[in-house]
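# Close look at the chain arrangement
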Amino acid sequence: MTFTPHGKHLIAGTWVGGGETFTSSPAQGPEHTFFKGTPDLVDQACAAAEDAFWSFGYSSRQTRADFLNAIADEIEARADAITEIGAQESGLPEARLQGERGRTTGQLRLFADHIIAGDYLDRRHDAALPDRNPLPRPDLKMIQRPIGPVAVFGASNFPLAFSTAGGDTAAALAAGCPVVVKGHPAHPGTGEIIAEAVHAAIEKTGIHPGVFSLVQDGDRETGAALVQNPLINAVGFTGSLAGGRALFDLCTARPNPIPFFGELGSVNPMFLLPEAARSRGAEIGANWAGSLTMGAGQFCTNPGVTVVLPGAEAFISAATDAMRDADQQIMLTDGIAQAYHRGVERVSGTDTVTEILATPCEGRSAKPGLYRVTARDWLADNELQEEVFGPLGIVVEAQDTDEMAQIAKSIQGQLTCTLHMDDGDTELARSLMPLIERKAGRLLVNGFPTGVEVADSMVHGGPYPASTNFGATSVGTLSIRRFLRPVCYQNIPDALLPEGV
């Protein structure tokens, strides 16, 4: 099944064109023309989302679960076409896109099951105490309720799982919140075919068509109009620190500020403890190289920094050999490739950094680079903590465990932190745990953070700048809480209470 995009926006059940256009920049295959998003289209989509909320926000959990499952069904019905257009636009291999499609439909079905179970409502009930002295207590019931229309920005590095019908959209719809998606220019055709699947699910289940709209990429004013629209109640975003921070500032500057749930990047430091380095250094180094270069390093959980102690040469040598043998890989967009090249130049041009492995790359391609720096110089240069989105690794060499702990204290907020340890490292690991727990949303031992399980216990978030809201996650069922608010019902008759109270 071949899919040829028509290039239009989906606004409340209608495919809309007209106005200026842009041309896609695929890694392979044909280019396609798309109509640009505009503030006026954003306003139309937001108005439709608000209208839809009055029915969808008060619909039954079963209705929303059926809708989520229908979206998953419609995505699977377009499986081959999604893989084809996704591979053309992103350059990702078919196997990766097939896996990501499974993750996308799995998220939708997971949220369908989650809302049916009802635990997310966080029900609480304090029964009336009419005879209590000196004052009686009223009957109090509390549950979580949907907040209203939500804006979602498509992500460049996950054209399916973090984009049009990805985790943010699935969580918001499960909560009862209509969604307006701003498509990402890196994969507009993939966004369009996923929007077609959502549209088909809307028609199949009889949901209000304003519950979902896709506005393709436009000028900066389009994104600004979306986060500033007074009908939008929260924003989900995965992307760069600069872009996310600009949108975050717009959200907080509104007359009615709204939460901006931005996942903005991380270097995901690993700490290689001495016993593990002695017994398994070469193995860990080779596996680090595999994690670092997977998907050209284009994962927000890419472990770009490893902190070591003296005696880690086997680790460094094995990592160097594995990275030297790594193939050149196509990056997701020309812009991402250019940013990676600039990041390599920034790191390699720092006087205190020593090159271990540098491989030339140009155009839209990337090859890994590996560098080393002392802990003292690392601590003196905050720029070395900035994410380089791609297969670049930095080894930070601490003189002793005190210096390693100092690094753990100094790192910025992270999505993940990892300890590589053996039994003999337990005491050192125990001393580091409070330090890294304060800095990251997910802690690992003897693993690699690339690969984020979609599950009830997952936390994909962390202190700023990893994300803009340290109390939230963008992966896992807990992510639904971003789009809910608690409401207390005092002495309300059962006939007036919402479902689930």
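Numbers given for residues are sequential positions, taken from 1 along each chain in its written order. Whole-chain, interface and lining totals are the exception, using all residues; otherwise, since this is a predicted model, local features are given only for residues with pLDDT of at least 70 and side-chain atom pairs are given and counted only at 80 or more. Hydrogens and waters are ignored; side-chain quantities use all the structure's heavy atoms.

## Observations concerning the overall build of the protein chain
The cut-off we apply is this: Helix numbering and strand numbering both begin at the N terminus, where a helix is a DSSP run of H or I of at least 4 residues and a strand a DSSP run of E of at least 2. Throughout, radius of gyration means the C-alpha value; the globule benchmark is 2.2 Å times the number of residues raised to the power 0.38. Three exposure classes are used, based on accessible area relative to the maximum for each residue type with a 1.4 Å probe and protein chains only: buried under 20%, partly exposed in between, and exposed over 50%. Here, Shrake-Rupley sampling with a 1.4 Å probe gives the accessible areas, and only protein chains in the shown set may cover a residue. The charge count includes Lys and Arg as positive and Asp and Glu as negative, but it does not include His or the ends of the chains. The atoms used to mark charge sites are NZ of Lys, CZ of Arg, CG of Asp and CD of Glu.
A count of helices and strands for the protein chain gives 14 helices and 21 strands. Over its C-alpha trace the protein chain gives a radius of gyration of 24 Å, about what one expects of a compact globule, namely 23 Å for 501 residues. Projecting the C-alpha coordinates of the protein chain onto the three principal axes gives extents of approximately 70 × 70 × 40 Å. Considering the protein chain as a whole, with its 501 residues, one finds that 56% of them fall into the buried category. Working note: accessible area of the protein chain is about 19900 Å², and carbon and sulfur atoms make up 50% of it. Side chains of the protein chain give 37 positive and 59 negative charges; the mean places of these two sets differ by 6 Å.

## Overview of the packing of helix α3 (residues 79-90) against helix α4 (residues 94-117)
What counts is decided by this rule: Fitted lines through C-alpha atoms give the axes, limited to the stretch in contact for helices. The angle between two N-to-C directions lies from 0 to 180 degrees. Should an angle lie under 35 degrees it is considered roughly parallel, over 145 roughly antiparallel, and from 65 to 115 roughly perpendicular; all remaining angles are considered oblique. Left-handed is the label given to a crossing in which the near helix is rotated counterclockwise from the far helix by less than a right angle, and right-handed is the label when the rotation is clockwise. Only heavy atoms enter the contact rule, under which two residues are in contact if any of them lie within 4.5 Å.
Following both chains from N to C, one finds α3 and α4 inclined at 125 degrees, their axes separated by 9 Å at the closest point. It follows that α3 is oblique to α4 by the angle criterion. Considering only the axes of α3 and α4, their crossing is right-handed. In this structure, α3 contributes Ala-79, Thr-83, Gly-86, Ala-87 and Ser-90 to the contact, and α4 contributes Glu-94, Leu-97, Gln-98 and Arg-101.

## With respect to the pattern of salt bridges
Note the cut-off: Salt bridges, as used here, are contacts in which a Lys or Arg side-chain nitrogen is within 4 Å of a carboxyl oxygen on Asp or Glu.
Going through the model one piece at a time under the given rule, you end up with 19 salt bridges. For Glu-76, the salt bridge identified is with Arg-101, shortest N-O distance 3.3 Å. Of this pair, Glu-76 sits in helix α2 (residues 61-77) while Arg-101 sits in helix α4, placing them 25 residues apart in sequence. The class for Arg-101 is buried, based on a relative accessible area of 13%. With a shortest N-O distance of 2.9 Å, Arg-245 and Asp-249 are connected by a salt bridge. Of this pair, Arg-245 and Asp-249 both sit in helix α8 (residues 241-253), separated by four residues, roughly a single helical turn.

## Structural notes on the pairing of strand β7 (residues 150-153)
Stated formally: Strands were regarded as paired on the criterion that DSSP finds at least two bridges between them.
Burial along β7 is two-sided: Val-150 and Val-152 facing one way and Ala-151 and Phe-153 facing the other are all buried. Here four bridges tie β7 to strand β8 (residues 179-182), and the two strands are oriented parallel to one another. In the sheet register, Phe-153 faces β8, and the bridge partner there is Lys-182. Sheet analysis places β7 next to strand β10 (residues 234-238), joined by three bridges and oriented parallel. Across the sheet, the residue bridging to Val-152 is Gly-236, located in β10.

## Brief notes about the pairing of strand β19 (residues 414-420)
Here is the rule we go by: When the strands point away from the viewer, a crossover counts as right-handed if the route from the first strand across the helix to the second turns clockwise.
With seven of seven residues buried, β19 lies mostly within the body of the structure. As judged from the three bridges shared by strand β12 (residues 270-272) and β19, these two strands associate in the parallel manner. Note on β19: the bridge partner recorded for Met-270 is Thr-418. Where β19 meets strand β20 (residues 440-445), five bridges bridge the pair, whose relative direction is parallel. The residue of β20 that forms the bridge with Leu-419 is Val-445. Crossover β19 to β20 through helix α14 (residues 426-437) is right-handed.

## Quick word on the side chain of Gln-385
Note the following rule: Whenever two N or O atoms come within 3.5 Å, that pair is a polar contact, provided that in protein one can donate a hydrogen and the other can accept it, and provided that, for residues adjacent in sequence, both atoms are side-chain atoms.
Relative to the assigned elements, Gln-385 resides in the loop between α12 (375-380) and β18 (392-397). Within the local environment of Gln-385, its side chain forms a polar contact with the backbone oxygen of Ser-410, the two atoms lying 3.3 Å apart. In this view, Gln-385 contacts Val-267, Trp-378, Ser-410, Ile-411, Gln-412 and Gln-414; residues no more than four positions away in its chain are not counted.

## A short note on the sheet that holds strand β6 (residues 140-146)
The three strands lie next to each other as β5-β6-β21, forming an open sheet whose pairing is antiparallel. Looking at the sheet topology across the chains shown, the edges are occupied by β5 (124-126) and β21 (484-490). The mean angle between the axes of side-by-side strands here comes to 25 degrees, regardless of whether they run parallel or antiparallel. Here β6 runs beside β21; their pairing, made up of seven bridges, is antiparallel. By the bridge assignment for β21, Met-142 is matched with Cys-488.

## Overview of the packing of helix α9 (residues 274-293) against helix α10 (residues 313-324)
Relative placement of two packed helices is described by the angle separating their axes and the distance separating the axes. What counts, and what does not: Three categories are distinguished: nonpolar for Ala, Val, Leu, Ile, Met, Phe, Trp, Tyr, Cys and Pro, charged for Asp, Glu, Lys and Arg, and polar for the others, with Gly belonging to the last.
Between α9 and α10, whose axes approach to 7 Å, the crossing angle comes to 40 degrees. The orientation of α9 with respect to α10, classified from their angle, is oblique. Where α9 crosses over α10, the handedness of that crossing is right-handed. Every residue of α10 that contacts α9 at Gly-281, Ala-282, Ile-284, Gly-285, Ala-286, Trp-288, Ala-289, Leu-292 and Thr-293 is listed here: Ala-314, Phe-315, Ala-318, Ala-319, Ala-322 and Met-323. Among the residues making up the contact of α9 with α10, the classes are represented as 12 nonpolar, three polar and no charged.

## Focus on the packing of aromatic side chains
Filter applied, for reference: Each Phe, Tyr or Trp ring, with Trp reduced to its six-membered ring, pairs with another whose centre is within 6.5 Å; inter-plane angles below 30 degrees give stacked pairs, above 60 give edge-to-face pairs, and intermediate values give tilted ones. Comment: the charge-over-ring label is applied if NZ (Lys) or CZ (Arg) is within 6 Å of the ring centre and within 35 degrees of the ring normal.
Per the counting criterion, the structure on display carries 12 aromatic pairs. Arranged with centres 6.0 Å apart and planes meeting at 85 degrees, the rings of Phe-56 and Phe-67 form a pair that is edge-to-face. With Phe-56 in helix α1 (residues 39-56) and Phe-67 in helix α2, this residue pair connects regions lying 11 residues apart in the sequence. For Phe-56, a relative accessible area of 3% translates into the label buried. Residue Phe-67 is classed as buried on the basis of its relative accessible area of 0%. Taking 5.9 Å as the distance between ring centres and 65 degrees as the angle between the ring planes, the aromatic pair formed by Phe-153 and Phe-237 counts as edge-to-face. Taken together, the residues Phe-153 in strand β7 and Phe-237 in strand β10 connect sequence positions 84 residues apart. Residues Phe-153 and Phe-237 agree in their burial class; the two are buried. Of the aromatic side chains, those joined through ring pairs into one cluster are Phe-153, Phe-237, Phe-248 and Phe-260. The side chain of Arg-103 reaches across the aromatic face of Phe-158, ending 5.6 Å from its centre.

Read these as geometric descriptors, not functional statements.
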